[in-house]
Every structure is written in structure tokens, then in C-alpha cells.
Amino acid sequence: MSAEPRINDRIRVPEVRLVGPSGEQVGIVPLAKALELAQEYDLDLVEVAANARPPVCKLMDYGKFKYESAMKAREARKNQAHTVIKEMKLRPKIDPHDYDTKKGHVVRFLKQGDKVKITIMFRGREQSRPELGYRLLQRLAEDVQDLGFIESNPKQDGRNMIMVLGPHKKKTEAMAEAREAQAARKADAKANPGKSQNAADDESAEAPAEAPAEASAEA
């Protein structure tokens, strides 16, 4: 069966509860009168509540209504966000420079609204010192607490220790902010073409290298 509502002469009832083009309640009128009003307004008579007694019909531009509905559905699909879990691997004795690099990637992931699985890899005698991994995970969680929270507490998994960080910001919010920032950059570039080129050069020089979803640090 078609999901399309009945419109105009496809409506087969003696009378309808009519709603005007601006949402005003006209009342119960004969179907012929409702169709006459639709012609006067150059609009369609659309059945919006077929199960009501009598059915509720509204005067509207049905073609425009369908187009706007399709655009809203398309926008909703575009804004749908799928949960992504990134992974960052560290060693318990990671050096300060590598730690700062890894933390930078975790910060970026959380800003994007993604979860981050932090894995501490133990080797050899390091397996007898699980407290080293625990302290490192706690340190990292404290360093990024403005952006994320501990969603899954540190736990031992074989030779590894794992913790999951969740973002404070929802994925949809992060995507919306990213689009707004991109639009602002485009507007600024259009208004200041020379400045935008210098800014792009600075960003390319300062931007950290893209981290893969899985990365490991060797200490």
C-alpha cells in the first residue's frame, strides 16, 4: 500500500475537518466545499489524519511540502553520526616527547567526538609492574579531562592494560562545530585572500601528522 496521503479528488468521504493554509481551524465542512476552497487558494487538499472521524484535511502546496520533507530527511541523514572508537597504544616507559605526541592525538580524537581506547603494552619484565601502566593511564585521563572522561576503567587484558575514554561532546555537536569553523574559514578567506594564504601556510606547518586509528609508541 502507498504511504502517500490522499489528495484532492482521491479523497472519498462526505465531509472533512478542514485546516487552513496557515494552520487555522476552519471546522467540519462538506468535501465539495473543501475542494472549492483549495481551488480558490490555488492549493491542494491533503488528508493528514485519515483515521480521524471525520478525516482531517489541510490546504497546502503538496509539491512544496514533499520537497521540503525530502530536504529535511536528507539533512537528518547527513547529520547522523556513527560512534567511532579510535585506539592509541603506548608503552609503560614512554618518553616525554612520545607521550606528548600521543596525547595530542587523543585530544584531537576527543574533540572530534570519538571514543579512544588506550592500550598499554607490557613486555618482558614490565608485566610484573602493572602499576606503571595504571599510573600512565590515570595521568593521561587527567591531562584530557576537559575533553573526555573515563568510560571504562583500566583493566588488565593479557599482556596489555586497557582504558576507554569517552568524549564530553557528542559526535553530532563536534560535526556541527567543524562545519561552522570551516564556513568561518571560507568566509574569512573570501574577505582576506592574502591573509588566508598565510594562515594556510602556518596551519600546514604547525598541524600534527595524521594519526591512524591504531598507533603504538615504542619506549
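Everything here concerns the structure above.
No experiment lies behind these values; they were computed from the predicted model shown.

Here we look at the environment of Met 121
Piece 1. You can see Met 121 is positioned in strand S6 (residues 115-121).
Piece 2. On the accessibility criterion, Met 121 (14% relative accessible area) is buried.

Digging into the pairing of strand S2 (residues 25-30)
Piece 1. The pairing of strand S1 (residues 15-19) with S2 spans 5 bridges and is antiparallel. Bridge pairing in S2 places Glu 15 opposite Pro 30.

Quick notes on the side chain of Thr 119
Piece 1. Note on placement: Thr 119 falls in strand S6.
Piece 2. One polar contact links Thr 119 to Glu 87, side chain to side chain, over a distance of 2.9 Å.
Piece 3. Excluding anything up to four places from it in sequence, Thr 119 contacts Glu 87, Met 88, Lys 89, Leu 90, Asn 160, Met 161 and Ile 162.

Details of unusual backbone geometry
Piece 1. Note that the residue after Arg 53, namely Pro 54, is joined by a cis bond; omega there is -5°.
Piece 2. Of note, Pro 54 is situated in the loop between strand S3 (44-49) and strand S4 (56-60).
Piece 3. Here Asn 8, not a glycine, exhibits a phi torsion of approximately 50°, which is positive.
Piece 4. Tracing the backbone shows Asn 8 in the segment before S1.
Piece 5. At Asp 42, a residue that is not glycine, the phi angle is positive and equals roughly 60°.
Piece 6. Mapped onto the elements of the fold, Asp 42 is located in the loop between helix H1 (31-41) and S3.

Rules of the game
Residues numbered from 1 in each chain as written. Predicted model: local features only at pLDDT ≥ 70, side-chain atom pairs only at ≥ 80, totals over all residues. Heavy atoms only, no water. Helix = DSSP H or I, 4+ residues; strand = E, 2+ residues; numbered from the N terminus. Buried < 20%, exposed > 50% of the residue type's maximum accessible area, 1.4 Å probe, protein only. Pairing = 2+ DSSP bridges. Polar contact = N/O pair within 3.5 Å; in protein donor to acceptor, adjacent residues only side chain to side chain. Contact = heavy atoms within 4.5 Å.

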